[in-house]
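# Examining the three-dimensional arrangement
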There are 2 protein chains.
Amino acid sequence: MMHTLEPDGHSKVTIHFQPHDKLTRVPVGVSIFNAANWIGLAIDSTCGGVGTCGKCRVQLCQGYSGVTPADRKVFAPGELEAGWRLSCRAEVQEDTVCEVPRLMGNPKAALMGFGRHVLLNPNVHKIPLQLTPPSLEDQRSDFERLRMTLEDEGFEINAGLGVRRQLPRVLRAAEWQVTAVIVGQQLIALEPGDTTARSFGVAFDIGTTTVVGMLIDLIGGAPVAVRSTLNRQASFGADVIARISHVMLSDSGLDELTARVVGSLNEVLAGLLDEGQVAPHEIYEVVVAGNATMTHLLLGLTPEAIGVEPFIPAADDLFDVNACEVGLTVHPEAPLVVLPHIGAYVGADLVAGLLATGLQQKPELRLLVDVGTNGEIILGSLTRTLATAAPAGPAFEGARIQDGMRAADGAIEAVTLSEAGVKLQVIGETAPLGLCGSGLLDIVAQLRLVGLLDASGQLLNPEAAAHRVGPELSRRLVVGKDGVKAFILADPEISGTGRAIQLTQRDIRELQFAKGAIAGGIAVLMRELGVSADDLEEIYLAGSFGSYINPQSARIIGLVPPVSVDRIRAVGNSAGEGARIALLSFREREVARSIPRQVEYLELSGRADFNDAFIEVLQFPELADLALQPEAVLPPLAAP
Amino acid sequence: MMHTLEPDGHSKVTIHFQPHDKLTRVPVGVSIFNAANWIGLAIDSTCGGVGTCGKCRVQLCQGYSGVTPADRKVFAPGELEAGWRLSCRAEVQEDTVCEVPRLMGNPKAALMGFGRHVLLNPNVHKIPLQLTPPSLEDQRSDFERLRMTLEDEGFEINAGLGVRRQLPRVLRAAEWQVTAVIVGQQLIALEPGDTTARSFGVAFDIGTTTVVGMLIDLIGGAPVAVRSTLNRQASFGADVIARISHVMLSDSGLDELTARVVGSLNEVLAGLLDEGQVAPHEIYEVVVAGNATMTHLLLGLTPEAIGVEPFIPAADDLFDVNACEVGLTVHPEAPLVVLPHIGAYVGADLVAGLLATGLQQKPELRLLVDVGTNGEIILGSLTRTLATAAPAGPAFEGARIQDGMRAADGAIEAVTLSEAGVKLQVIGETAPLGLCGSGLLDIVAQLRLVGLLDASGQLLNPEAAAHRVGPELSRRLVVGKDGVKAFILADPEISGTGRAIQLTQRDIRELQFAKGAIAGGIAVLMRELGVSADDLEEIYLAGSFGSYINPQSARIIGLVPPVSVDRIRAVGNSAGEGARIALLSFREREVARSIPRQVEYLELSGRADFNDAFIEVLQFPELADLALQPEAVLPPLAAP
C-alpha cells in the first residue's frame with residue numbers, strides 16, 4: 001500500500017545547487033527551499049518558508065519557475081528577468097540549476113542526532129520593539145501598530161484573542177517598549193521590556209512505559225534539564241494493545257488514559273522547570289514524539305481503530321494544537337507540535353528517529369530497527385525508504401519469559417559464558433532477580449557460541465552437553481520436573497529470589513518467535529528493495545532497549561542481517577533526539593512533516609511473503625556464516 | 001489622518017470586465033476576483049477566493065499577471081499561454097481587460113439592504129459524503145480519508161482538535177455516510193447521515209442600549225426569527241463613555257461588562273432557537289456589528305484607550321475567534337465574525353451600514369448619518385469616502401432635555417402645530433409623559449415654521465407671539481418662574497405626569513449644540529471632498545432613532561444639508577441588515593473587511609476647521625433658503 005505517495009510522486013527532477021555543487025532529485029512541485037533543506041543545505045529565511053520574509057532568494061540558471069505575487073513584492077522586474085525567485089515559492093517543474101547566495105548571518109549550528117549537522121533555527125522568535133506611541137495624527141489600533149512594526153522587521157503575524165486582550169494594558173504599562181513572542185506566524189505573547197535573553201521549549205518522547213522530557217534553551221540550543229517518569233497509564237496494561245482495550249471496554253477509558261499521560265507530562269514538566277529555574281510562561285513550544293497510540297491518547301483521539309484490523313489511525317498529519325488544549329502547564333498559547341506517524345504501528349517516534357539519523361536523506365542504504373513489542377523497521381536511503389511493523393510480542397521486554405523482568409534493578413542485562421562458568425552483569429549491582437531483554441539476547445547468543453544450543457533452537461541434552469563443555473557450564477544444563485530443559489544462570493544461593501534463575505527451552509522458543517518476526521519483516525523489506533546484507537552501510541538499533549543490546553548477540557541470534565559488527569550502532573533514544581532537533585529547527589520540522597509522504601508503509605499482516613520469510617528466519621544462523629570477531633562491539637553512541 | 005490607506009493605495013489601474021462591459025478602478029495589487037466583487041459582479045467560486053477550488057477562471061485579454069502555483073495546478077500550459085488565470089490569485093499590475101465566463105450554476109440572489117442585489121453565498125458549506133471504508137490495502141487515517149474526499153469535492157480543509165476527536169466514532173457509527181460542515185476552510189463538524197437540509201447562522205447588532213439578533217436559514221437565505229433585548233450593560237450607564245469609565249474604575253469592570261453583553265446575546269439566542277425550533281449546534285456561524293466599544297467589550301478587549309485622547313482601539317481587523325471563546329451557546333466550533341470598525345467612534349455598525357447601502361461602491365455622492373450620542377457621518381462614493389464622528393451629546397436620546405425621555409411608551413414622537421393648536425403623536429397611544437428625540441426635532445422645526453422661533457434659536461416673547469399666531473398657540477408660549485421661556489406641548493390635564501410637558505429655551509439650546517456638532521461634521525467632510533448639497537444624490541438616516549426622524553424636520557433645523565426631502569431616506573437598522581448580508585455572502589464579508597482600508601477616517605477633535613464649522617451651523621437655516629414642500633415626507637424604508 002503506497003497511499004502516502006502523491007499522484008505524481010514518481011515524476012522526479014534534478015536540482016543542482018551552486019556554488020555548493022550539490023545535487024538532489026525531488027518530485028515535480030517541490031519548492032527549491034524544501035529540496036535544499038532535505039539535503040541539509042541551508043537557505044536563509046526567517047518566516048519558515050511561507051513567502052513573507054523575502055530572504056530565501058535564489059537565482060535560477062536553468063529551469064522554469066513562474067513569478068508568484070510574493071516574488072513581485074520582493075524583486076524588481078529586472079531581477080525577475082534575471083531569474084531571481086523566492087526559493088520557498090519556486091516549485092520545480094523540470095531539471096533545474098540554481099545559485100544560492102551565501103548565508104548573510106552567521107547561523108549557529110550544532111552536531112545533533114547521529115552525525116547530523118543541524119542549524120539552530122527555532123520556530124520561536126523573540127523580537128524587541130520600541131513602538132511609536134499613538135497620537136491624534138496616528139490613531140492606528142494597538143494591534144495594527146504592532147502588526148505593522150513587526151512587518152517592518154520581516155514578520156507577518158496572526159494573533160488570537162488571548163494576546164489581543166493583553167495588548168492595550170501591556171503596551172501602556174511598558175511605555176511601548178515590549179518583546180513580541182512569535183511562534184511560526186502566530187504572535188503568542190507580548191512581554192513588557194526586553195526579554196529576548198530567555199526563551200525555552202520542551203521536547204518529549206512519550207513511550208508506552210516511560211515519558212522523557214528535555215528542557216531546551218532556544219537561544220543557545222543547549223539542553224537545560226532532562227527528566228523522566230513512568231507513564232502513569234502503565235496500570236492499565238503494559239503494551240499499547242492493553243491501553244486500546246481499556247478505551248474500548250470503558251466509556252471513560254479514553255478520558256482516563258488521556259488524563260494519565262497528561263499528568264505524566266506535567267510531572268516531568270514540573271521537574272524540568274524547577275531544575276532549570278524557568279517559569280511555565282517561558283515555555284513557548286512543545287514538541288512530542290511517541291508511537292501512534294501514545295500520541296492519539298495525548299491528544300484525546302481514540303486509538304480504537306488502531307487496535308483492530310485494518311489498523312486505522314484517527315489522523316496522521318501534523319496539525320496545530322495549543323498545549324493548553326490538552327492541559328500542559330506551559331505558556332497558554334504555546335503550540336503543541338505532535339510529530340506525524342508513518343502508519344498505525346510506525347509512529348512519530350520513528351519519524352523522530354529518521355530525523356535524528358537522517359536515514360532517508362543519505363545516499364547509502366541503512367536499516368533502523370526499534371526493538372520492542374512491535375518491532376518497527378525502516379530500510380532505505382534518499383532513493384527510496386520503506387517502513388513496517390513486525391508483531392514481535394513482549395519477549396524483548398521480559399514478558400512471557402519464565403524468569404523475565406523489565407530492565408530494572410536486579411535484572412541481568414548482560415551475560416558471558418566461558419569454561420570458568422557464567423559472568424552476569426546486573427542492573428543496580430544487587431543480587432540478580434531475573435532476566436531482561438538484553439540479557440535474554442546475550443544468554444541465547446552465548447549458548448550458541450559455546451555450542452549448547454543448536455541452529456534449530458534446541459538445547460543439547462545434559463549428556464551431550466557434558467561432552468561439549470566443561471563441568472562448570474554443563475552442570476547448569478538441567479531437565480525440570482515437567483521434562484523441559486533449562487540452563488541455570490544463577491544458583492539459588494546467589495539469586496536475590498532464593499530460587500535459581502533459569503532460561504528454559506520455552507523461553508528460547510519465545511525469543512525465536514520474537515526475533516523471527518523482526519528478522520522476517522527486515523527480509524520482506526530487503527526483498528522489496530532488491531538489496532542484500534552486503535549493501536547495508538549501517539544498522540541502527542533504537543529505543544531505550546536498543547541501547548543495551550549487544551550488537552554481537554543481535555547478529556548471532558539473527559535479529560539483524562549478518563553485517564560486520566562495527567556497522568551496528570545503538571542509537572538509544574533517537575525519538576527524543578529527533579524531537580529535540582524538531583524543536584531547535586523549524587526546517588528540520590518541515591523535514592519531519594514530509595517524512596510520512598517520503599516513506600512507504602508496508603502492512604505485513606496482509607502479505608503471504610511475510611509468513612514465508614518468518615519461517616525461513618526462525619532458525620538461528622549457522623555460526624560459520626557470521627565471520628565473528630567477538631570483541632568488535634561498539635559502545636552505545638551517546639547523543640551530545 | 002489616513003493611516004488606513006496602504007502605501008501604494010493611490011496608484012490605481014482600470015479593469016474592464018467583458019462581456020458585462022463593466023469598468024472599475026482599483027489599487028495595484030488587488031485581485032481581479034475582489035475587484036469584480038466590489039462592483040457586484042459575481043465570479044464563480046466555492047473556496048471563497050483562496051486559490052483552491054479552481055472555479056474563478058478569467059481570461060486576460062490585456063494586462064499582465066504572473067502565473068502562480070495555483071494556476072499551474074488548474075490550467076494546461078496552452079491555457080496559461082492564452083491568458084487564463086484564477087482571478088482570486090491574479091493581482092492587477094496595470095490596466096487590464098478580462099473576459100469572465102458566465103456563471104455555471106444558477107446562484108440564488110436576493111434584494112437586500114437598500115437597493116443591493118446580493119448573491120446568496122454563505123461561508124458555511126454542508127457537503128454530503130459517502131466515504132470508502134478502510135481496508136488493509138487502504139490504511140489512510142480517518143482524517144486523511146476525509147480530507148482527500150473533500151479535496152475531490154473542491155474543498156481544502158483544516159480541522160481543529162475538537163472535530164478530529166469525533167471523527168473515528170462518527171464515521172463508524174454512521175457507516176461512513178456523513179455530512180461535513182465546513183466554514184471557510186475549517187471543518188467544524190462531521191454529522192452522521194445527510195443533514196444538508198438544515199444550516200443556520202445568527203446576525204447580531206449590538207447597540208449600546210439594545211441587542212438585536214436575527215436567525216437566518218443559510219440554505220434559503222430567509223430570516224427565521226428576530227428577537228431583541230435591552231443590553232444588560234445598561235445598568236452601568238447609558239452611553240459608551242459610562243461603560244468605558246466603569247472598566248477604568250473597577251478591576252472587575254471589563255469582565256462584568258463582557259459577561260453582561262454575552263448574557264444579552266445568549267438571551268436573544270435562546271429566544272431565536274426556541275422560535276425557530278433550531279438546536280444550538282445547528283448555528284454554524286455568528287456575525288456581529290456594533291460600535292467599537294460594544295465589539296471590544298464582547299471580545300473582552302479593554303476599551304479604555306477608546307475613551308481618552310488620542311482614542312485608540314485595541315484591534316481593528318476582522319480576526320478569527322470561536323463563538324464559544326466568548327461564551328455564546330452555539331456550535332462549539334462556530335466562528336464569531338466581528339465586523340471591523342473604521343475608527344474608535346465609527347464602528348462596525350457603520351461598516352455594516354455601508355454594506356447595506358453600498359454607499360462606497362456607487363458612483364454618486366451619498367451621505368450616511370447615524371444620529372445618536374455620537375453622530376457617525378460617512379460621505380462619499382466609489383471615488384473617495386470619508387468618515388467621522390461628531391460629539392453630539394445625548395439630546396437626541398432625550399437626555400439633558402427638561403421633559404426628555406427615551407422612545408418608549410408615552411413619549412411624544414411627532415408634533416404638528418397649526419392654528420387649531422398642537423397635534424401630538426404618542427408612542428403606545430397613552431397619555432404623553434415626555435418628549436423623545438424625534439418629537440424634539442419636530443417641535444423645534446414646527447416652531448420655526450409657525451414663526452415662534454427665530455433663526456438664532458430664540459423663542460419669541462409672549463407679546464410678540466400673540467401678534468404672530470392665533471391664541472391657541474400663543475397661549476402656550478410662557479415665561480417660567482426662573483425667567484426661562486418655554487412652549488407648552490401638553491397641558492397638565494392631558495399629560496400623563498399631571499404636570500405640563502414643556503420645551504424650554506434651554507432645551508432648544510441643547511438641540512442646537514447637538515445638531516451643530518453633526519452638521520459641523522458634515523460640513524467638514526463636504527469641504528474636504530469639495531462638494532456642495534447640490535451634489536448629494538441621497539442622504540441616509542440610520543440607527544433605530546433615524547427611522548423615526550421626520551426628514552422634513554431634519555432639514556428645517558439644519559441637521560442635514562438642504563436637499564429635496566425625497567432624497568432623504570430613513571434606513572432604519574442598517575447595521576443589523578449589513579450583518580445579515582455579511583452572514584449570507586462571504587463575498588460581501590470580504591467587502592466589509594476591505595471597507596476600513598477604503599474609507600478615510602477624519603478625527604474632528606484635532607481640527608480647527610471643525611470648530612469654525614460648528615459655529616457657522618449653530619443657527620437654524622433661513623426658511624426661505626429651504627424651498628419647502630411640507631408634505632413631501634418619505635415613510636421609513638423598511639428592509640425586506
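All values derive from a computational prediction rather than experimental measurement. (Residues numbered from 1 in each chain as written. Chains lettered and ligands numbered in written order. Predicted model: local features only at pLDDT ≥ 70, side-chain atom pairs only at ≥ 80, totals over all residues.)

### Description of the overall build of chain A
Rule in force here: The helix and strand labels rest on DSSP assignments: H or I over at least four residues marks a helix, E over at least two residues marks a strand, and numbering proceeds from the N terminus. It is over C-alpha atoms that the radius of gyration is taken, and the globule rule equals 2.2 Å times the number of residues to the power 0.38. With C-beta atoms placed from the backbone, the exposure class of a residue follows from how many other C-beta atoms lie within 10 Å of its own: 20 or more, buried; 12 or fewer, exposed; in between, partly exposed. Any residue pair is listed as a contact if its two C-beta atoms, each placed from the backbone, are within 7 Å.
Regarding its fold elements, chain A presents 20 helices and 29 strands. Taken over the C-alpha trace, chain A has a radius of gyration of 27 Å; the compact-globule value for 640 residues is 26 Å, and the two agree within 12%. With the C-alpha coordinates aligned to their principal axes, the bounding extent of chain A is approximately 100 × 55 × 45 Å. Scored against the burial criterion, the 640 residues of chain A give a buried share of 52%. Relative to all contacts within chain A whose residues are 6 or more apart in sequence, the contacts with residues 24 or more apart total 67%.

### A short note on the interface of chain A and chain B
Inclusion rule: Three residue categories are used. Nonpolar comprises Ala, Val, Leu, Ile, Met, Phe, Trp, Tyr, Cys and Pro, charged comprises Asp, Glu, Lys and Arg, and polar comprises the others, including Gly.
Residue-level contacts link 47 residues of chain A with 47 residues of chain B. At the level of secondary structure, the elements contributing two or more residues to the side of chain A that touches chain B comprise α2 (69–74), α4 (142–152), α5 (161–173) and α9 (304–307) of chain A. The dominant element in the side of chain A that touches chain B, judged by the number of residues it contributes, is α5(A), at six residues. When its residues are assigned to classes, the side of chain A that touches chain B shows 20 nonpolar, eleven polar and 16 charged.

### Notes on the sheet that holds strand β11 (residues 186–192) of chain B
Residue and element names in this part refer to chain B. Here is the rule: When DSSP finds at least two bridges between two strands, those strands are taken to pair.
Spatially, four strands are ordered β8-β10-β11-β9 in an open sheet, and the strand pairing comes out mixed. Strands at the two margins of the open sheet, each flanked by one partner only, are β8 (124–130) and β9 (158–159). Sheet topology note: the β9/β11 ladder contains two bridges and is parallel. When the bridges of β11 are listed, Asn158 appears paired with Gln186.

### A look at helix α19 (residues 586–598) of chain B
Here is the rule: In this scheme, a helix's expected span is set at 1.5 Å multiplied by one less than its residue total.
Counted at 1.5 Å a residue, the expected span for α19(B) with its 13 residues is 18 Å, and the 18 Å between its end C-alpha atoms agrees. For α19(B), the full list of buried residues reads B:Phe586, B:Arg587, B:Glu588, B:Arg589, B:Val591, B:Ala592, B:Ile595, B:Pro596 and B:Gln598.

### Description of the relation of the copies chain A and chain B
For clarity, the cut-off: A least-squares superposition brings the copies together, and it is based on the C-alpha atoms of residues with pLDDT no lower than 70 in both.
Superposition of chain A onto chain B requires a rotation of 180° combined with a translation of 0.1 Å along the rotation axis, giving an RMSD of 0.1 Å. With respect to symmetry, the two chain copies, as superposed, fit the operation of a two-fold axis. Minimal C-alpha separation from the rotation axis in chain A is found for A:Thr68, amounting to 2.5 Å. Interface overlap between copies: 100% of the residues of chain A at the interface are likewise at the interface in chain B, consistent with a symmetric, same-surface contact.

### Concerning the sheet that holds strand β29 (residues 599–601) of chain A
Residue and element names in this part refer to chain A. Test applied: Structural elements are reduced to axes, namely lines fitted to C-alpha atoms, with helices fitted over the stretch in contact, and the angle between N-to-C directions of any two is expressed from 0 to 180 degrees.
Within the open sheet, the six strands sit side by side as β28-β27-β18-β19-β20-β29. Their pairing is mixed. Edge positions in the open sheet fall to β28 (568–572) and β29, since each of these has one partner strand only. For this sheet the average axis-to-axis angle between neighbouring strands, irrespective of direction, equals 20°. Note that strand β18 (residues 365–370) and strand β27 (residues 536–542) share six bridges and pair parallel. The residue bridging Leu368 from the neighbouring strand is Tyr540, located in β27. Running over the sheet, helix α11 (residues 348–357) touches β18, β19 (374–380), β20 (385–391), β27 and β28 and is turned about 140° from β18.

### A closer look at the confidence of the model for chain A
For the record, the criterion: Every residue gets a pLDDT, meaning the predictor's confidence in that residue, from 0 to 100.
A residue-level look at chain A finds 92% of positions with pLDDT of 70 or above and a mean pLDDT of 88. Scored below 50 in pLDDT, residues 630–640 of chain A shows 22 contacts in the model against residues more than four places distant or in partner chains.

### Digging into the pairing of strand β15 (residues 283–290) of chain B
Residues and elements named next belong to chain B. Taken across its eight residues, β15 has eight buried, putting it largely inside the fold. Inspection of the sheet shows strand β12 (residues 200–206) paired to β15 by seven bridges, in the parallel sense. Each bridged residue has a counterpart across the sheet, and for Phe200 the counterpart in β15 is Ile283. Relative to strand β17 (residues 335–338), β15 runs parallel, the two sharing three bridges. When the sheet's bridge partners are listed, Val288 is paired in β17 with Val338.

### Observations concerning the domain arrangement of chain A
Defined as follows: Domain extents, as shown, originate in an automatic or database domain assignment.
For chain A, the domain assignment lists domain 1 (12–104), domain 2 (124–192), domain 3 (200–348) and domain 4 (392–572 + 607–640). For domain 3 of chain A and domain 4 of chain A, the distance between their C-alpha centres works out to 32 Å.

### What to know about the packing of helix α15 (residues 505–529) of chain A against helix α20 (residues 608–617) of chain A
Residue and element names in this part refer to chain A. Rules: The scheme is simple: roughly parallel for angles under 35 degrees, roughly antiparallel for over 145, roughly perpendicular for 65 to 115, oblique for anything else. Two helices crossing with the near one rotated counterclockwise from the far one by less than a right angle form a left-handed crossing, whereas a clockwise rotation gives a right-handed crossing.
Orientation of α15 relative to α20, taken along the N-to-C sense of each, is 125°, at an axis distance of 8 Å. With respect to α20, the axis of α15 lies oblique. Considering only the axes of α15 and α20, their crossing is right-handed. Here Gly516, Ala517, Ala519, Gly520, Ala523 and Val524 of α15 lie close against α20, whose contacting residues are Asp609, Phe610, Ala613, Phe614 and Val617. The residue inventory of the contact of α15 with α20, partitioned by class, reads eight nonpolar, two polar and one charged.

### A word on the pairing of strand β14 (residues 223–230) of chain A
Remark: a regular strand shows side chains that alternate across the two faces of the sheet. Pairing geometry for strand β13 (residues 210–217) of chain A and β14(A), over seven bridges, is antiparallel. Within the sheet, the bridge partner assigned to A:Ile216 lies in β14(A) and is A:Pro223.

### Remarks on the packing of helix α7 (residues 253–276) of chain A against helix α8 (residues 292–299) of chain A
Residues and elements named next belong to chain A. Remark: α7 packs on α8, axes separated minimally by 7 Å, with the N-to-C direction vectors making an angle of 95°. Compared by their axis directions, α7 and α8 come out roughly perpendicular. Of the residues in α8, those in contact with Leu257, Thr258, Val261 and Val262 of α7 are Met294, Leu297 and Leu298. Looking at the contact of α7 with α8, its residues break down into six nonpolar, one polar and no charged.

### Concerning unusual backbone geometry
For the bond from B:Gln18 to B:Pro19, the omega torsion is 0°, close enough to zero to count as cis. Phi at A:Glu175 takes a positive value of approximately 50°, unusual for a residue other than glycine. We classify A:Glu175 as exposed; it has 12 C-beta atoms within 10 Å. With a phi close to 70°, B:Trp176 is a non-glycine residue in the positive phi region. With respect to the secondary-structure elements, B:Trp176 resides in the loop between α5 (161–173) and β10 (177–183).

### Thoughts on the environment of A:Ser532
Counting through the fold element by element, A:Ser532 comes out in the loop between α15 and β27. A:Ser532 sits 462 residues away from A:Ala70 along the chain, and the two C-alpha atoms are 48 Å apart.

### A word on the environment of A:Val415
Locating A:Val415 in the fold gives a position in strand β21 (residues 411–418). What A:Val415 contacts, discounting residues up to four positions off in sequence, is A:Val422, A:Leu424, A:Gly439, A:Asp442, A:Ile443, A:Gln446 and A:Leu489.

### So, helix α8 (residues 292–299) of chain B
In terms of residue burial, α8(B) counts as a mostly covered element, since eight of its eight residues are buried. Along α8(B), the residues classified as buried are B:Ala292, B:Thr293, B:Met294, B:Thr295, B:His296, B:Leu297, B:Leu298 and B:Leu299.

### Quick notes on the environment of A:Gly398
All names here are of chain A. Looking at the secondary structure, you find Gly398 in the loop between β20 and β21. Separated by 13 residues in sequence, Gly398 and Ala411 place their C-alpha atoms 9.7 Å apart. Setting aside its immediate chain neighbours within four residues, Gly398 contacts Gly404, Met405, Arg406, Gly434, Leu435, Cys436 and Gly437.

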